[in-house]
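A look at the structure
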Amino acid sequence: YEEQFMARVQESGINLVIADSQYTPYLLVRGGEEEDNAWDDFRAYHRQRVEHYAATYQPYAYEIVNEPAAYTEFSDLADFESAEQQLELWIEHTQDLIDVVREASPDTLVGVSVAPQNEFDLDYYDHVLELGIDFVAFRVYQPAQYDLIEDTLAERGRPQEQGAQLWLSETWYGYCLAPQRSMALDAEWLETAVAFAARYDGSAV
């Protein structure tokens, strides 16, 4: 099914963007049935998955890490010795994934996303920009998250200052999913997202 679906996507000529998932069924089931996933096992699985999709589909862009702190929560990763060790291992792992994608698909833009409400993600943001990635992305579902992104960019610098693009890789207005859903409100939300990205010289929404 995946092969058939992706064949149609590629035939369409659109620019394919792949984003990794923090909560794959495999990791959820594995984490629920066994002891916490060892870091080395998780890293090997994650690397294999990224390499497969990069080599198979040669995407326009690949978000190889999707809010790193969430993997620990949803994948039941074993405890790290310290926050410093966790950050060091994630940066090392991210560099490995960057190398994997660039070897498998040299023309693919490589990036990550971070959650501005999470302190670990913000520390990760500070360091990942030094790896020469192509973009850093944020996800926005509520108005307050725009304030958090603004604070992050003001306090920790913009990705563009280190040669990376700024993206909003996913956005929808959470309240629009309530029973009183409004298409007009959806449209205004998208206008807001585009205007926000433009204000900070973002490259993609």
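Everything below is about the structure printed above this text.
Below: a short report on this structure. (Residues numbered from 1 in each chain as written. Predicted model: local features only at pLDDT ≥ 70, side-chain atom pairs only at ≥ 80, totals over all residues. Heavy atoms only, no water.)

Side note on the overall build of the protein chain
What the protein chain contains, in helices and strands, is eight helices and five strands. Helices (α) and strands (β) of the protein chain occur, in sequence order from the N terminus, as α-β-α-α-β-α-α-β-α-β-α-β-α. The C-alpha radius of gyration of the protein chain comes to 18 Å, within 12% of the 17 Å expected for a compact globule of 205 residues. With respect to the principal axes defined by its C-alpha atoms, the protein chain has extents near 45 × 45 × 40 Å. Looking at the protein chain as a whole, 45% of its 205 residues are labelled buried. (Helix = DSSP H or I, 4+ residues; strand = E, 2+ residues; numbered from the N terminus. Rg over C-alpha atoms; globule rule 2.2 N^0.38 Å. Buried < 20%, exposed > 50% of the residue type's maximum accessible area, 1.4 Å probe, protein only.)

Here we look at the pairing of strand β4 (residues 135–140)
Most of β4 is tucked away: six of the six residues are buried. Alternating residues of β4 divide into F135, A137 and R139 and V136, F138 and V140, and every residue in both groups is buried. Handedness of the crossover is the feature at issue here: the chain leaves β4, passes through helix α7 (residues 143–156), returns alongside strand β5 (residues 165–171), and the resulting connection is right-handed. (Right-handed = clockwise from strand over helix to strand, strands pointing away.)

Overview of the nonpolar core
Counting residues in hydrophobic clusters, the biggest one holds 50 residues, and the most contacted among them are I64, V65, W90, V112, Y124, F138 and L168. The biggest single contributor to this core is helix α5 (residues 83–104), with seven residues. Contacts of I64, omitting those with residues within four sequence positions, involve D20, H46, V50, Y71, T94, L97, I98, V101, V110, G111 and V112. A61, L109, F135 and A137 belong to the second-largest nonpolar core, a separate cluster that totals five residues. (Core = buried A, V, L, I, M, F, W, Y, C linked by side-chain atoms within 4.5 Å. Contact = heavy atoms within 4.5 Å.)

Observations concerning the side chain of R139
Along the chain, R139 falls in strand β4. Using a relative accessible area of 6% as the deciding quantity, one classes R139 as buried. In terms of polar contacts, R139 uses its side chain to reach the side chain of N66, at 3.4 Å. Within the structure, R139 has its side chain in polar contact with the side chain of E170 (distance 2.9 Å). When residues no more than four places from it in sequence are discounted, the contact partners of R139 are A19, E63, N66, E67, S113, Q145, S169 and E170. (Polar contact = N/O pair within 3.5 Å; in protein donor to acceptor, adjacent residues only side chain to side chain.)

So, the packing of helix α1 (residues 2–12) against helix α3 (residues 39–57)
The contact between α1 and α3 brings their axes to 12 Å, and the two run at 50°. As judged from the angle between their axes, α1 and α3 are oblique. Here the hand of the crossing between α1 and α3 comes out right-handed. Across the interface between the two elements, E2, E3, M6 and Q10 from α1 touch H52, Y53, T56 and Y57 from α3. Looking at side-chain class alone, the contact of α1 with α3 contains three nonpolar, three polar and two charged residues. (Axes fitted to C-alpha atoms, helices over the stretch in contact; angles between N-to-C directions. Parallel < 35°, antiparallel > 145°, perpendicular 65-115°, else oblique. Left-handed = near helix turned anticlockwise from the far one by under 90°. Nonpolar A, V, L, I, M, F, W, Y, C, P; charged D, E, K, R; others polar.)

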